[in-house]
Amino acid sequence: MSHPSTYNPNSGLEKWLDARLPILRLAHDSFVDFPTPKNLNYWWTFGGILTVCLVIQIITGIVLAMHYTPHTSMAFDSVEHIMRDVNYGWLMRYVHANGGSMFFLAVYIHMFRGLYYGSYKEPREVLWMLGVVIFILMMATAFMGYVLPWGQMSYWAATVITNLFSAIPLIGDDIRTLFWGGFSVDNPTLNRFFSLHYLLPFAIFGVVMLHIWALHVPGNNNPTGVEVKDVKKDTVPFHPYYTVKDGFGIAVFLVLFAAFVFFNPDGLGHPDNYIKANPLSTPASIVPEWYFMPFYAILRAITFDLGPISSKLGGVIAMFSSLLILFVLPWLDRSKVRSMRYRPAARLWFVIFVVACIALGVLGGLPAEGRNVLYAQIATAYYFGFFLIILPLLGIMETPKPLPRSIADAVLNKHKPEAASGGAQPAPAE
Amino acid sequence: MIARTTIFAALASLAGMTAAIASAGSAKEAEHHHWHFAGPFGTFDKDALQRGYQVYETVCASCHGVEQLSFRNLGQKGGPFYLNTCPAGFADNVDCSNPNENPIVKALAAQYRYQVLDGPDDSGDMVERTPLASDRIPGPYPNEVIARLANNNALPPDLSLITKARHHGPDYVYSLLIGYADAPATVEITPGQYYNPYFHGDMTQALKPEFLDAEGHVVDGVVVPVGGVLAMAPPLVDGIVDYADEATPETVEQYAADVVEFLTWASEPKMEARKSMGVMSLIYLVILCIILYWSYRRVWAGLKK
């Protein structure tokens, strides 16, 4: 949170620099002496984990780009060249490929954490919206990266996804032609995807900076959702308290990461991507990477025409809406209570929401036939219903549990539940 | 709290889920074979790799290439013919651990069944020459058109990544090689096609006309056999490859197991390096976790009175 600077330049050089570019002051006030609520749990370590993921992807990606050839006739072989002949190339590629999955795993946990603890609510709306921008940029980057090895799944995923844009009325075909750089997925498509796949991570990096800036103005939310009342009692300096806690969280996460990279590096991928792209042979089933499956399921759930909107366009609209709706979430949820710890009804609906998202993920990987379509439609309806109906209504109808007076109160009374309910004041009901 | 554990368990299962989704299709599930390279500590059986290379060169290479492999790969660390030191009789300045100087690899390249196309030479002509250790292993056909002409319009796939390009690749390739069977009585197999229960396919196409009704649907009570037909004749028969080691049985099962060991190495020659680095990395990370957890408790101890 905004706080008076405590930076004290010690050496002459530091004083000299501080008078000209106070960058060390900024770093000190942001990452050393930044007052952080003392009750953050492990779900809050995913911000640091995501930063690590981004840095790992950029470093391994830059090395891979030194050895990769973005040409339809050479891309596949250049990836195998990396796997076989480049020193530790197999390590770079497996870290990068599994890093994508780890990045999405972490970002989904980070987002569900934000949803559960109401981290999108006033005064953190911009922080949340920047997060949604990062998420969308991540999806675009991951999709284009998956195309680069030019395997069967690369090629056919590119074909399916770029064809979606042709559903847009009037300009759809032109947009698709622009993506393709021609009249089918071909070398120009691969070239522009490579160019953008290299560019977008730096755009993500920029938005991450804004995300951290927007975090440091109001400061962290916390599991109680109660704002910091007294900096001395409620907060601790970011360093060493959270550097060490985040460090531990990151190390545990890296154990999972390493387990995939070294012992099941292709477990999250599809075998068909070890077959060279062949425009004349369609794979038995075209499935996206696991992290796109919930959105793929929403896309395929719209199997019916709605007036002038064809089922294809409807699916595209539903899929993009499922992302865009996150931008307006801060204004859909009207409850003044942030944390669902004190919103028993909302918590129940939230658990169902998580189940619906996972169900969509499973259904996205199954053939869209029979009962699967109906299940995907139900889960899609719940996804939108949660944001558009349940959260707005809960804000009016729900009676939250009493909130603790302060973060310090909540921490001190953690082991004395009686005292917590006795000493707390009821939250203002809407 | 229920919500927390539910979310975590659910996300964990989502992460592991994709591996479980197998593509739809009718084929017998691959036999599970115990592989020397299986598991976190699994390594390649060097003898099996050498025999597998022999099976590949004698049998598979008649139709299939391994375009990602060079002869030198055979002599690199972890490869079938890697030599730590030279055999007796070599000069001191020869380093046989260098794949390009490995005498076995040089001999294998020089005696290979196909030539390498090189050039243009000084007069502008392309020339065929004997392969060197540094060359890619040449395949049987110069291009796809000739490959199809020679194989009844079927294209024999390159085998350098075959065990990674199929679900449960090693088990699948092994099962396919040993799994050829006589076609069930309900189906009619066209000449040049061979029935294999492990091959993904749709045997409805091959049902004899008397088992289909007027609209082409399967008659009630008729079971469509699992598996499919492929253009590859059963490639292995007992005794087709002559192993130098008399103790190793010269059976279809042994050949199949050996060639799958070789092809799995060909798919990922760096597997052993990956697993050994993985063990060290995990040990390092677990120690790091312990130290960081201990530091965390220690730093926070002053706060939690």
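Here is what the cut-offs are and how they apply
- Here the residue index of a chain counts from 1 through its sequence in written order.
- Throughout, the order in which chains and ligands are written sets their labels, letters from A for the former and numbers from 1 for the latter.
- Per-residue local features are limited, in this predicted model, to residues with pLDDT of at least 70; the limit for side-chain atom pairs, both in listing and counting, is 80 or more; totals at the level of whole chains, interfaces and linings are taken over all residues.
- Side-chain calculation: all heavy atoms of the structure are included, whereas hydrogens and water are not.
- Each nonpolar core is a collection of buried residues, namely Ala, Val, Leu, Ile, Met, Phe, Trp, Tyr and Cys, held together in the definition by side-chain atoms within 4.5 Å.
- With a 1.4 Å probe rolled over the protein chains alone, any residue whose accessible area is under 20% of its type maximum counts as buried; one over 50% counts as exposed, and the rest are partly exposed.
- Numbered from the N terminus, helices here are DSSP runs of H or I no shorter than four residues, and strands are runs of E no shorter than two.
- When checking whether two residues touch, look at their non-hydrogen atoms; a contact exists if any pair is within 4.5 Å.
- Read the arc as the range of directions from the helix axis to the C-beta atoms.
- What qualifies as a polar contact is a pair of N or O atoms within 3.5 Å, subject to a donor-acceptor requirement within protein and to the restriction that residues adjacent in sequence count only when both atoms come from side chains.
- Cysteine sulfur atoms are paired as a disulfide whenever they fall within 2.5 Å.
- The patches reported here contain residues having more than 30% relative accessible area and no salt bridge. Joining distances are 9 Å for like charges and 5 Å for nonpolar side chains (Val, Leu, Ile, Met, Phe, Trp, Tyr).
- The method behind every accessible area is Shrake-Rupley, applied with a 1.4 Å probe, and residues are considered shielded solely by the protein chains displayed.
- Put simply, a salt bridge is a Lys or Arg side-chain nitrogen that is within 4 Å of an Asp or Glu carboxyl oxygen.
- Every axis corresponds to a line fitted to the C-alpha atoms, with the helix fit spanning only the stretch in contact, and the corresponding angles, defined between N-to-C directions, vary from 0 to 180 degrees.
- Comment on the angle field: the value is read as roughly parallel under 35 degrees, roughly antiparallel over 145, roughly perpendicular from 65 to 115, and oblique elsewhere.
- Handedness of a crossing follows from how the near helix is turned relative to the far one, being left-handed for an anticlockwise turn of less than a right angle and right-handed for a clockwise one.
- Residues are grouped as follows: Ala, Val, Leu, Ile, Met, Phe, Trp, Tyr, Cys and Pro are nonpolar; Asp, Glu, Lys and Arg are charged; all remaining types, including Gly, are polar.
- Pairing of aromatic rings covers Phe, Tyr and Trp, the last through its six-membered ring, and needs centres within 6.5 Å; plane angles under 30 degrees mean stacked, over 60 mean edge-to-face, and all others mean tilted.
- Charges are assigned to positions over rings by a cutoff of 6 Å between ring centre and Lys NZ or Arg CZ, combined with an angular limit of 35 degrees from the ring normal.

A. Up close: the nonpolar core. Phe 104, Leu 115, Phe 135, Phe 253, Phe 353, Tyr 383 and Phe 387 of chain A are the most contacted members of the largest nonpolar core, which totals 125 residues. Sorting elements by how many residues they give to this core places helix 5 (residues 89-116) of chain A first, with 16 residues. Setting aside anything within four residues of it in sequence, one finds Phe 104 of chain A in contact with Phe 135, Met 138, Met 139, Ala 142, Trp 290, Tyr 291 and Phe 292 of chain A. Within the second largest apolar cluster, 46 residues are counted, among which are Cys 60, Ile 137, Leu 176 and Leu 230 of chain B.

B. Structural context of helix 4 (residues 103-110) of chain B. Residue and element names in this part refer to chain B. Every buried residue of helix 4 is accounted for by Val 105, Leu 108 and Ala 109. Viewed end-on, helix 4 has its buried residues packed into an arc of 100°, placing them on one side of the element. Its side-chain oxygen 2.9 Å from the backbone nitrogen of Ile 104, Asn 102 forms the N-cap of helix 4.

C. Broad picture of the state of the cysteines. Applying the stated criterion across every chain, the model contains one disulfide over all chains. Note that Cys 86 of chain B is cross-linked by a disulfide to Cys 96 of chain B, the S-S spacing being 1.8 Å. Every disulfide takes its handedness from the sign of the S-S torsion; for Cys 86 of chain B and Cys 96 of chain B that torsion is 100°, giving right-handed. In this pair, Cys 86 of chain B sits in the loop between helix 3 (71-74) and helix 4 while Cys 96 of chain B sits in the loop between helix 3 and helix 4, placing the two residues ten residues apart along the sequence. Here Cys 53 of chain A stays unpaired: no disulfide links it, and the sulfur of Cys 289 of chain B, its closest cysteine neighbor, is 15 Å away.

D. Structural detail: the environment of Phe 46 of chain A. In this structure, Phe 46 of chain A sits in helix 3 (residues 46-67). What Phe 46 of chain A contacts, discounting residues up to four positions off in sequence, is Ala 106, Ile 109, His 110 and Phe 253 of chain A.

E. Up close: a nonpolar patch on the surface. A surface patch of nonpolar side chains, amounting to about 530 Å² of accessible area, comprises Leu 388, Ile 389, Leu 393, Ile 396 and Met 397 of chain A. Looking at where Met 397 of chain A falls in the secondary structure, it is placed in helix 15 (residues 371-397).

F. Region of the structure containing the packing of helix 14 (residues 344-364) of chain A against helix 15 of chain A. All names here are of chain A. Two elements in contact, helix 14 and helix 15, have axes whose closest approach is 9 Å; the angle formed by their N-to-C orientations is 150°. Classed by the angle they form, the pair helix 14 and helix 15 counts as roughly antiparallel. For the pair helix 14 and helix 15, the sense of crossing is left-handed. Only Asn 372, Tyr 375, Ala 376, Ala 379, Thr 380, Tyr 382, Tyr 383, Phe 386, Phe 387, Ile 390 and Leu 394 of helix 15 make contact with helix 14, whose side of the interface consists of Ala 345, Ala 346, Trp 349, Phe 350, Ile 352, Phe 353, Ala 356, Cys 357, Leu 360 and Leu 363. Residue classes in the contact of helix 14 with helix 15 are distributed as 19 nonpolar, two polar and no charged.

G. Representation of the packing of aromatic side chains in the model. Scanning all chains against the criterion turns up 50 aromatic pairs over all chains. When the centroid spacing of 5.5 Å and the interplanar angle of 35° are considered together, the rings of Phe 353 of chain A and Tyr 383 of chain A count as tilted. Here the residue Phe 353 of chain A occupies a position in helix 14, and Tyr 383 of chain A occupies one in helix 15, the gap between them amounting to 30 residues. You can call Phe 353 of chain A buried: its relative accessible area is 2%. Three or more aromatic residues joined by ring pairs form one cluster here, namely Trp 44, Phe 112, Tyr 116, Tyr 117, Trp 349, Phe 350, Phe 353, Tyr 382, Tyr 383, Phe 384, Phe 386 and Phe 387 of chain A. A cation sits over an aromatic face here: Arg 113 of chain A above Trp 44 of chain A, 4.4 Å from the ring centre. Geometry around Tyr 243 of chain B places Arg 51 of chain B over its ring, the cationic atom sitting 5.7 Å from the centre.

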